[in-house]
Amino acid sequence: MQALGLSAFEQFAIWAVLGVALLGLAYALFLRQQVLAEDKGTEKMQEVWGAIRDGADAYLRRQLRSIVPLIVLLTAAMYFSVAIVPPTPEALERFHGLDEATVSLYIGLGRAIGFIMGSVFSLMVGQIGMRMAVQANVRVASAARYSFGESLKIAYRAGTITGMLTDGLGLLGGTLIFVIFGIAAPDALLGFGFGGTLLALFMRVGGGIFTKAADVGADLVGKVENDIPEDDPRNPAVVADLVGDNVGDCAGMAADIFESYEVTIVSGLILGVALYHITGHIEWLIYPLIVRGIGVLSSIIGTYVVKAGKEGNSEKAMSAIFSGFLSSAAISVALFFAAAYYYLHVLAEGSMPGGWWRTPLAVAVGVLLAILIDRMTEYFTGTHQSPVQEIKKAAETGPATLILQGLAVGYESAVWAVVTIAATIVASIFIFGGLSIDPVENITYILYGVAMTGIGMLTLTGNNVAMDSFGPIADNAAGIGEMSWSGTQSEETDRAQRIMADLDAVGNTTKAITKGVAIGSAVIAAVSLFGSFLVDVSRAQASLGVPLAERIATIGIRVDIPQVFVGMLIGGALPWLFSSFAIQAVSRASALIVQEARRQFKLGVLEGKVPPDYKQAVEIATTAAQKELVPLALLGVLTPILVGLLLKVEALGGFLAGIILSGQLLAVFMNNAGGAWDNAKKLIEDEPRDPAKGLGKGSERHKASVVGDTVGDPMKDTAGPALNPMIKVVNLVSVIVAPIVVQYNDLGLAGWLAVGLLVAGLWWSIRTSKRPAEGLGG
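Residues numbered from 1 in each chain as written. Predicted model: local features only at pLDDT ≥ 70, side-chain atom pairs only at ≥ 80, totals over all residues. Heavy atoms only, no water.

(A) The arrangement of the nonpolar core in detail. Membership of the largest hydrophobic core comes to 252 residues, with the highest contact counts inside it found for Phe194, Leu285, Tyr287, Leu503, Phe533 and Phe578. The dominant element in this core, judged by the number of residues it contributes, is helix α18 (residues 614–685), at 34 residues. Aside from chain neighbours lying at most four places away, what touches Phe578 is Leu201, Val205, Leu632, Leu635, Ala722, Leu723 and Met726. Judged by nonpolar contacts, the second largest core, of six residues, contains Val221, Ile228, Phe601 and Val605. (Core = buried A, V, L, I, M, F, W, Y, C linked by side-chain atoms within 4.5 Å. Buried < 20%, exposed > 50% of the residue type's maximum accessible area, 1.4 Å probe, protein only. Helix = DSSP H or I, 4+ residues; strand = E, 2+ residues; numbered from the N terminus. Contact = heavy atoms within 4.5 Å.)

(B) Summary view of the environment of Ala21. Mapping Ala21 onto the fold places it in helix α1 (residues 8–36). Residue Ala21 is classed as buried on the basis of its relative accessible area, which comes to 0%. With 490 residues separating them along the chain, Ala21 and Lys511 place their C-alpha atoms 25 Å apart. Excluding its chain neighbours within four sequence positions, the residues that come into contact with Ala21 are Gly168, Leu171 and Leu172.

(C) Representation of unusual backbone geometry within the structure. With phi around 55°, Glu349 is a residue other than glycine that occupies positive phi space. If you trace the backbone, Glu349 turns up in the loop between α9 (314–347) and α10 (358–381). Of note, the phi angle at Lys648 is positive, near 80°, even though the residue is not glycine. Considering the arrangement of structural elements, one finds Lys648 in helix α18. Residue classification places Lys648 among the partly exposed positions, given a relative accessible area of 23%.

(D) Looking closely at a nonpolar patch on the surface. The grouping of Leu98, Leu105, Tyr106, Leu109 and Ile113 at the surface amounts to a nonpolar patch, some 420 Å² of accessible area in total. Counting through the fold element by element, Tyr106 comes out in helix α4 (residues 100–143). On the accessibility criterion, Tyr106 (37% relative accessible area) is partly exposed. (Patch = residues over 30% accessible without salt bridge, like charges linked within 9 Å, V, L, I, M, F, W, Y side chains within 5 Å. Areas by Shrake-Rupley, 256 points an atom, 1.4 Å probe, with all protein chains shown as cover. Salt bridge = Lys/Arg side-chain N within 4 Å of Asp/Glu carboxyl O.)

(E) Highlighting α10. Helix length check: α10 (24 residues) gives 35 Å between terminal C-alpha atoms against 34 Å at 1.5 Å per residue, within 8%. Burial runs high along α10: 19 of the 24 residues are buried. (Expected span 1.5 Å × (residues − 1).)

(F) Inspection of the pattern of salt bridges at higher detail. For the structure on display, the rule yields 24 salt bridges. The residue Asp39 makes a salt bridge to Arg145 at a minimum N-O spacing of 3.3 Å. Residue Asp39 is located in the loop between α1 and α2 (43–83), and its partner Arg145 is located in the loop between α4 and α5 (148–181); the two are separated by 106 residues in the primary sequence. A salt bridge links Glu619 to Arg62, with the nearest nitrogen and oxygen atoms 3.2 Å apart. One end of the pair, Glu619, is in helix α18; the other, Arg62, is in helix α2, with 557 residues separating them in the sequence. Judged by its relative accessible area of 41%, Glu619 is partly exposed. Given the relative accessible area of 23%, Arg62 is considered partly exposed. When salt bridges that share partners are traced, they join Lys212, Asp215, Asp678, Lys681, Asp709, Asp713, Lys716 and Asp717 into one network.

(G) Fine view of the side chain of Thr718. When you line up the elements, Thr718 lands in helix α19 (residues 700–743). A distance of 2.8 Å separates a polar atom in the side chain of Thr718 from the backbone oxygen of Gly208. Thr718 has contacts with Gly208, Ile209, Lys212, Ala582, Val586 and Asp713, leaving out every residue within four places of it along the chain. (Polar contact = N/O pair within 3.5 Å; in protein donor to acceptor, adjacent residues only side chain to side chain.)

(H) Spotlight on the packing of aromatic side chains. Enumeration over the complete set of coordinates arrives at 21 aromatic pairs. Between Trp284 and Tyr445, the aromatic rings sit 5.9 Å apart at their centres with planes inclined by 70°, giving edge-to-face as the arrangement. Residue Trp284 is found in helix α8 (residues 283–304), and its partner Tyr445 is found in helix α13 (residues 439–457); the two are separated by 161 residues along the sequence. Assigned by exposure class, Trp284 and Tyr445 land together as buried. Among the aromatic residues, those joined into a ring-pair cluster are Trp284, Phe432, Tyr445 and Tyr448. Sitting over the ring of Phe322, Arg375 keeps its end group 3.8 Å from the ring centre. (Phe/Tyr/Trp six-rings, centres within 6.5 Å; stacked < 30°, edge-to-face > 60°. Lys NZ or Arg CZ within 6 Å of the ring centre and 35° of its normal.)

(I) Geometry of helix α20 (residues 748–769). Under the 1.5 Å per step criterion, the end-to-end length of α20 is 32 Å for 22 residues, consistent within 8% with the ideal 32 Å. Where α20 is concerned, the buried positions are Gly751, Val755, Leu758, Gly761, Leu762, Ser765, Thr768 and Ser769. Projected down its long axis, α20 carries its buried residues within an arc of 160°, all on one side. Relative to its buried face, α20 has exposed residues pointing more than 90 degrees away, namely Leu749, Trp752, Leu753, Leu757, Trp763 and Arg767. On its buried face, α20 is in contact with α17 (562–602) and α18. (Arc of directions from axis to C-beta.)

By themselves, these figures tell us nothing about what the structure is for.
Right, dumping it as structure tokens:
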């Protein structure tokens, strides 16, 4: 830090940010002790809980074994991605006095170690967060017998543990790397961000396939074929379904948000370095770290105030959760402006270009964007809103019209989400545009504003992850109650089931909201990384003596160049191919679970002749999910490298533009359509049961809604959410390989051999993802 010439306040601020990161982790530990002190319920409840816990642990162990070899291989690749190109000016400045080879060695080791750190932190967030969710679900079910408010508090605080792990570890890793590498931190942070993003992709894809294979299999054989309730203990796939909620929605989403948290700070610091060279102000790099520290403090306060009375319903629960979110938002925005006024105006003596207020205003726009996406997603997926009510009404004429109505809702929601994000980027243009007469510098200012918007959007990560984890915790609690109290009836169990049904409905909406925020943040982060891509390519071109007028930052990404247009087409197509393979994976795995459930039903499970064997479905889903991890990940890693090597760096820029737009539209569509179908089904299930009158469970309307929900499940919980980390994997790989593509414009023999290996890997990935399910047909 001394090499940067930081003031006493700036050094204090960075150490304070590190302290806040540790405070967030300490708060997570404090909440853990509170949750574990709660009652675990009856012996039967603990028996069901034990089966869920064992299944989740087994899945995570298998997943770790599947991904470690690729992590080792990519760690070496991270080192060589630096070693084969000249060091950046920032790296030479940071390690002044050392020769280029030694500087490249240090930066290469930094990127490789950062990659390992990002991978390990992402893994910790997902695994520890999921295990805490499993610990909480039985305690929520137990508390529901006595108090609505107590069960809400346990579920939300258990989710907050995951949120604070995300905040604390993300802030700790990013700040430590900045302390060590200073002005060269973005070089190492690329490895940190890529490690977190790749692990998030693994956990999203694997968890999504597991959870939806089990869910679809359980619903089709249980509800549709045999007309038994959801979470009926006689269903052999029911425990796999409950395990899936944890490995998909808890572990997967936590890792997903964690990597978004890191990617936005990576892009912000890369663009901040560019502005530092333009203006000489180090504040462009320090203020984003201060913002992140403020966000952690605000989340601690906002999450702790989420409470409800002893009696309540879904509306009161949603109101309490959203009030906590707004509290954190208000506190953080006030502190953003206070910190900016003191640091960017008072201490900077009014020397910041354009004034001190621009940067905190961009951050505040990000907070507003998170709130808008929150409200928009709640409108399109909430049970009390007209879109879901219209889908429910469409069930009266069968599954076809219900599916059509859900598709229409998903398409419309995607449009408004894009409009909202576009307005946010326009806001950055208004805030930062015109600060320089140089067009390249002006674009850098605007893209920095977009990056700060992304940082602001994920300021309340603690709240967002708490809301997401709340969903599967409530869902699991309802499942534990259903399985534990099946065949018994009392005032206590009726009350508990009503409470858990309300919490489950709220959980469906909060999951959809946080997925919407994750998708929005993915796009903002991708746009910021796109700016980082332009900066890094221009810098690499400058080092090779390319004239200023010919550099990519000057001429931009021109779609009238055929190679660029081809790159954009390939980028636009990749999310669709990825989603196709992800849904095919769910279809293959769910077919195997359907077969297993049917086999056990034929043995007399429904009649009680033999007990259900839950472990078989868990094993099938676990094995199927692990087979899909590496092929789908390679699709996102190899494709941008091939585009860059074969079509050159300008086409790679077009590729990124295509994947950002196409991926955003597709992800929002799948997320909201699936969430709306799910909540329409729950509305019908909450009706008084009378199949003769077409009401409630067992009616034709209910069967139509189950079909819609089954179609939407892999969309909203597998393919849609997995697009978030996939888009950012592609962007980070592009930023990492861009200097290499510029450096080695003429491939030569070694380059063409590398292209051949990459094509072979991509062919294997596609072929593996399209294989038929084992044991089916014939």
